[in-house]
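# An overview of the molecular structure
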Amino acid sequence: ESTRDQAPERRRQLVQSLRHLRRVVGRTPVGATQGCAAVGSALLGGDLNLRDEEVKAVWRELGDEARGIADVWSFCGSPEDARWTWDTIDNDNTGSTFACRTRFDRMFFLTPGISDEPAAGASAS
């Protein structure tokens with residue numbers, strides 16, 4: 001689902017995945033041995049092919065459910081030199097005849113007490 005017309009499916013998958021993160025953090029894993037600690041953090045990352053506007057739409061849809069889930073790039077200060085994960089301008093080995101800069105690769109995390117700090121943000125920028 002990498003093309004723009006597949007945006008609804010990517011958004012649906014992101015909503016489902018972020019809700020899963022929310023469900024598992026703070027709970028003991030199913031099938032865990034007695035005395036096993038609850039899950040303290042959860043991470044979702046990969047080549048998700050998400051556009052910024054798709055992530056923003058998911059955050060709007062989730063509302064309060066998105067609270068505490070942070071975008072790692074934003075959490076790390078949004079360094080411009082690390083913004084693009086697909087860049088046909090600076091990456092000269094693509095052979096592309098067009099200019100495109102996007103951040104398709106994403107990583108989100110949920111760690112209560114850390115990712116929910118106001119400075120953490122979940123900005124999709």
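A brief report on the enclosed structure follows. (Residues numbered from 1 in each chain as written. Predicted model: local features only at pLDDT ≥ 70, side-chain atom pairs only at ≥ 80, totals over all residues. Heavy atoms only, no water.)

### Focus: unusual backbone geometry
Only a minority of non-glycine residues have a phi that is not negative, and only a minority of peptide bonds are not trans. Phi angles above zero are rare outside glycine, and Asn49 is one such case at about 60°. Among the structural elements, Asn49 can be located in the loop between strand E1 (42-47) and helix H2 (52-62). By relative accessible area, Asn49 is classed as buried at 15%. For Ser78, which is not a glycine, the phi torsion comes out positive at approximately 55°. Turning to its location among the elements, Ser78 is positioned in the loop between helix H3 (72-75) and strand E3 (86-87). (Helix = DSSP H or I, 4+ residues; strand = E, 2+ residues; numbered from the N terminus. Buried < 20%, exposed > 50% of the residue type's maximum accessible area, 1.4 Å probe, protein only.)

### A few points about the sheet that holds strand E2 (residues 69-71)
Across the sheet, which stays open at both edges, the three strands sit in the order E1-E5-E2 with antiparallel pairing between neighbours. Each edge of the open sheet carries a strand with a single partner, namely E1 and E2. Within this sheet the neighbouring strands show an average axis-to-axis angle of 15°, counted without direction. When E2 meets strand E5 (residues 105-110), the two strands line up antiparallel, connected through three bridges. Across the sheet, Asp71 pairs through a bridge with Phe108, a residue of E5. Across the sheet, helix H1 (residues 7-24) lies against E1, E2 and E5, angled at about 155° from E1, the strand it touches most. (Pairing = 2+ DSSP bridges. Axes fitted to C-alpha atoms, helices over the stretch in contact; angles between N-to-C directions. Contact = heavy atoms within 4.5 Å.)

### Let's talk about the side chain of Glu54
Here Glu54 lies in helix H2. Looking at Glu54, its side chain comes within polar contact range of the side chain of Arg10, at 2.7 Å. For Glu54, the contacting residues outside a window of four places in its chain are Ala7, Arg10, Arg11 and Asn49. (Polar contact = N/O pair within 3.5 Å; in protein donor to acceptor, adjacent residues only side chain to side chain.)

### Observations concerning the pattern of salt bridges
In this structure the tally under the stated criterion is eleven salt bridges. Between Glu54 and Arg10 there is a salt bridge, and its shortest N-O distance comes to 2.7 Å. Linking Glu54 in helix H2 with Arg10 in helix H1, this pair joins segments that are 44 residues apart in sequence. Asp87 is the partner of Arg101 in a salt bridge, and the nearest nitrogen-oxygen pair spans 3.0 Å. A residue pair is termed long-range when its members are at least 10 positions apart, and Arg101 in strand E4 (residues 101-102) and Asp87 in strand E3 qualify at 14 residues. When its relative accessible area of 34% is taken as the criterion, Arg101 is described as partly exposed. Since its relative accessible area comes to 11%, Asp87 is described here as buried. A cluster of three or more residues bridged by salt bridges with shared partners is formed by Asp52, Glu80, Arg83 and Arg106. (Salt bridge = Lys/Arg side-chain N within 4 Å of Asp/Glu carboxyl O.)

### Quick word on the environment of Cys100
Within the secondary structure, Cys100 sits in the loop between E3 and E4. Here the alpha-carbon distance between Cys100 and Asp87, two residues 13 residues apart in the chain, equals 5.8 Å.

### Considering the packing of aromatic side chains
Evaluation of the coordinates by the stated rule reveals four aromatic pairs. Here the aromatic rings of Trp86 and Phe104 are separated by 5.8 Å at their centres, their planes lie at 25°, and the arrangement is stacked. Of the two residues, Trp86 sits in strand E3 while Phe104 sits in the loop between E4 and E5, which places them 18 residues apart along the sequence. Residue classification places Phe104 among the buried positions, given a relative accessible area of 13%. A network of ring pairs unites the aromatic residues Trp86, Phe98 and Phe104 as a single cluster. (Phe/Tyr/Trp six-rings, centres within 6.5 Å; stacked < 30°, edge-to-face > 60°.)

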